[in-house]
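Residues per chain are reported as follows:
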Amino acid sequence: MVESMPKNNQPIWRPPSMDVLLRSAEGLDLISVYGRKATTEELRVVLAECRKTGRGNAGNIFGSAALALARRRAKSIKTVYNLTGSVLHTNLGRAPLSDSAIAAMNVAGGFVNLEYDLDRGVRGERDNHIEGWLKRLTGAEAGIAVNNNAAAVLAVLNALSRGKEAIISRGELVEIGGSFRMPEVMARAGVKLREVGATNRTHLSDYENAISEKTGIIIRVRPSNFAIYGFTSSVPEKDLAALAHRHGLPFYDELGAGALLDLRRWGLPYERTVQEALHDGADVISFSGDKLLGGPQAGLIVGRKDLITKISKNPLKRAIRLDKTTMAALEATLALYDDEEKLADLLPTLRFLSRKEAEIREVAEELAAVVIPLAPEWRVSVAGCKSQIGSGALPVDVLESAAVVFESKDPSKKSVGRKLKRLASEFRELPTPIIGRIHEEKFWLDCRCLEGVSKIKSEINGLIFQ
Ligand SMILES: *Cc1c(COP(=O)(O)O)cnc(C)c1O
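Note that the coordinates shown come from a computational prediction; the quantities given were computed from them, not determined experimentally.

**Description of helix α14 (residues 324-336)**
Thinking step 1. A rise of 1.5 Å per residue sets the reference length of α14, with its 13 residues, at 18 Å; its end C-alpha atoms lie 19 Å apart and thus fit the reference within 8%.
Thinking step 2. Restricting attention to buried positions, one finds in α14 the residues Thr 326, Met 327, Ala 328, Ala 329, Leu 330, Ala 332, Thr 333, Leu 334 and Leu 336.
Thinking step 3. Contact partners of the buried residues in α14: α5 (99-108), α6 (128-138), β6 (142-146), β14 (299-303) and α15 (340-346).

**Observations concerning the domain arrangement of the chain**
Thinking step 1. Domain annotation for the chain reports domain 1 (18-73), domain 2 (81-89 + 353-460) and domain 3 (99-346).
Thinking step 2. One C-alpha centre belongs to domain 2, the other to domain 3; they are set 34 Å apart.

**Observations concerning the pairing of β6**
Thinking step 1. Counting buried positions over the 5 residues of β6 gives 5, a clear majority of the element.
Thinking step 2. Here β6 shows no split at all, with Ala 142, Ile 144 and Val 146 on one side and Gly 143 and Ala 145 on the other all buried.
Thinking step 3. Here 5 bridges tie β6 to β14, and the two strands are oriented antiparallel to one another. Within β14, the residue paired with Val 146 across the bridge is Gly 299.

**Here we look at the packing of helix α3 (residues 36-53) against helix α4 (residues 58-73)**
Thinking step 1. Packing of α3 against α4 leaves a shortest axis separation of 9 Å and a crossing angle of 130°. One finds that α3 runs oblique with respect to α4. With respect to the hand of their crossing, α3 and α4 are arranged in right-handed fashion. Only Ile 61, Phe 62, Ser 64, Ala 65, Ala 68, Leu 69, Arg 72 and Arg 73 of α4 make contact with α3, whose side of the interface consists of Lys 37, Ala 38, Thr 39, Glu 41, Glu 42, Leu 43, Val 46, Leu 47 and Cys 50.
Thinking step 2. Split into classes, the residues belonging to the contact of α3 with α4 amount to 10 nonpolar, 2 polar and 5 charged.

**What to know about the sheet that holds strand β11 (residues 215-221)**
Thinking step 1. What the 7 strands build is an open sheet, ordered β6-β14-β13-β12-β11-β7-β10; its pairing is mixed. In this open sheet, the two edge strands, each paired with only one partner strand, are β6 and β10 (192-196). Adjacent strand axes in the sheet meet at a mean angle of 25° when their direction is disregarded.
Thinking step 2. Note: strand β7 (residues 165-169) against β10, 5 bridges, orientation parallel. Bridge pairing in β10 places Ile 167 opposite Arg 194.

**Digging into the packing of aromatic side chains**
Thinking step 1. Considering all chains together, one arrives at 3 aromatic pairs under this definition.
Thinking step 2. Arranged with centres 5.6 Å apart and planes meeting at 70°, the rings of Phe 406 and Phe 427 form a pair that is edge-to-face. In this pair, Phe 406 is assigned in strand β16 (residues 393-408) and Phe 427 in helix α18 (residues 416-428), connecting sequence segments 21 residues apart.
Thinking step 3. For Phe 406, a relative accessible area of 0% gives the class buried.

**Some thoughts on the state of the cysteines**
Thinking step 1. A full pass over the atoms with the stated rule returns 0 disulfides.
Thinking step 2. Cysteine Cys 447 shares no disulfide, and the gap to the nearest cysteine sulfur, in Cys 385, comes to 8.1 Å.
Thinking step 3. Cysteine Cys 449 remains unbridged, with the sulfur of Cys 447 as its closest cysteine sulfur at 9.7 Å.

**Focus on the pattern of salt bridges**
Side-chain pairs of opposite charge can arise where the charged atoms are in close proximity.
Thinking step 1. Taken as a whole, this structure holds 34 salt bridges when the rule is applied.
Thinking step 2. Between Arg 123 and Glu 115 there is a salt bridge; the shortest N-O distance is 3.2 Å.
Thinking step 3. Classification of Arg 123 by relative accessible area gives exposed; the value is 56%.
Thinking step 4. Asp 283 is paired through a salt bridge with Arg 304; the nearest N and O atoms lie 3.2 Å apart. One end of the pair, Asp 283, is in the loop between α11 (274-279) and β13 (284-288); the other, Arg 304, is in the loop between β14 and α12 (305-313), with 21 residues separating them in the sequence.
Thinking step 5. Under the relative-accessibility criterion, Asp 283 is labelled buried at 5%.
Thinking step 6. With a relative accessible area of 31%, Arg 304 lands in the partly exposed category.
Thinking step 7. Within the structure, one salt-bridge network assembled from shared partners comprises Glu 172, Arg 220, Glu 237, Lys 238, Asp 253, Arg 272 and Asp 280.

Cut-off values and rules
Residues numbered from 1 in each chain as written. Predicted model: local features only at pLDDT ≥ 70, side-chain atom pairs only at ≥ 80, totals over all residues. Heavy atoms only, no water. Helix = DSSP H or I, 4+ residues; strand = E, 2+ residues; numbered from the N terminus. Expected span 1.5 Å × (residues − 1). Buried < 20%, exposed > 50% of the residue type's maximum accessible area, 1.4 Å probe, protein only. Contact = heavy atoms within 4.5 Å. Domains from an automatic or database assignment. Pairing = 2+ DSSP bridges. Axes fitted to C-alpha atoms, helices over the stretch in contact; angles between N-to-C directions. Parallel < 35°, antiparallel > 145°, perpendicular 65-115°, else oblique. Left-handed = near helix turned anticlockwise from the far one by under 90°. Nonpolar A, V, L, I, M, F, W, Y, C, P; charged D, E, K, R; others polar. Phe/Tyr/Trp six-rings, centres within 6.5 Å; stacked < 30°, edge-to-face > 60°. Disulfide = S-S within 2.5 Å. Salt bridge = Lys/Arg side-chain N within 4 Å of Asp/Glu carboxyl O.

Encoded structure:
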């Protein structure tokens, strides 16, 4: 710090020079941790701020720079507690991976035989790592994987129906969160949309009348994130498949969530499985890897060998193929399905979805006991609530669950909404953020995806809720 005394005896503040800062002991410490470039950049920002305010000494300059450097290096992607009540939360990374999938991603970080045939020492196929599993588990003739199901739709339509018409019911021209709109994806795939029927009712004759020499494919899209009730009718997949086959067309069943097993076995609602879709005559089926399957983000395409080969050879496939770590996680996830008895233990998605309310309530009681002493201004209780599967999977089916609920002690106050938002943000600011949800003027922490409170307890302690 350089200060000089002018005539009126007022010290003139001058910032320390960058050179001096960088050569000081603190400066060298920061450089050894964060490197010269980042340290210089952050010190420069702090110095500029000091010049503006005309204040600052070496101590607080280093303090501010160290804080800025720590923030700069903190990983943006971090673990959070998903207490939103939506298990496959698209904003929270959808399916949490199994231990074996995580271990496989770790292995795949180095050199791996991604496209190398170790037996013959020649180039191999990337999809071979998962195709065996897809065939075994679904009974399909062939299967491949791409980046996500949106990419799968693009690839299937482009490869099998480019320049031709794709027939689809008006009731299935869906928008799935995150700007996936079926009509727009179809346009980008280079197929012409041929919509038939009405929003609530479509008949076999509607499809039949639309078939011409311009038709390339018939599609059925599972409207995953909404349901239509009342005067509705749609054509069974079996009939659509038979119609398509009579005209020599492929029938594409776009399943969306994609269950490989009948989830009712674990007390969950019915969801059409890939095997059923095949049994009903679908020639191609696509579904997500990170929804009910419980794996990494991926789009899986299974079906007739000739069609899958055509999709594989399409130039688009190259642009949307899986990387090695995702491929490894997908292989490990599919392998878990080999033992259905252990699946609900080893696959977190299924474990969370199939948890019983009583078990969740026990955890909620334990969590409430942790937060009650810390939140004297709130009325904290444990209450029943409804979890969702999430990601548009089975949108109208809810699962009985239990939550820790924060209510204002003075709900008549106008400031309740603001206080709830502040509470939610305090939970989000924890080292491992806890994400809950505000609903009906209360803050809810749904404990479906919380297995035990010992870890979360040490994080919450020390927090004082206003
Ligand atoms: C979720 C979903 C998609 C999009 O899948 P992503 O894997 O998120 O790209 C497409 N179609 C249906 C019917 C879906 O449910």
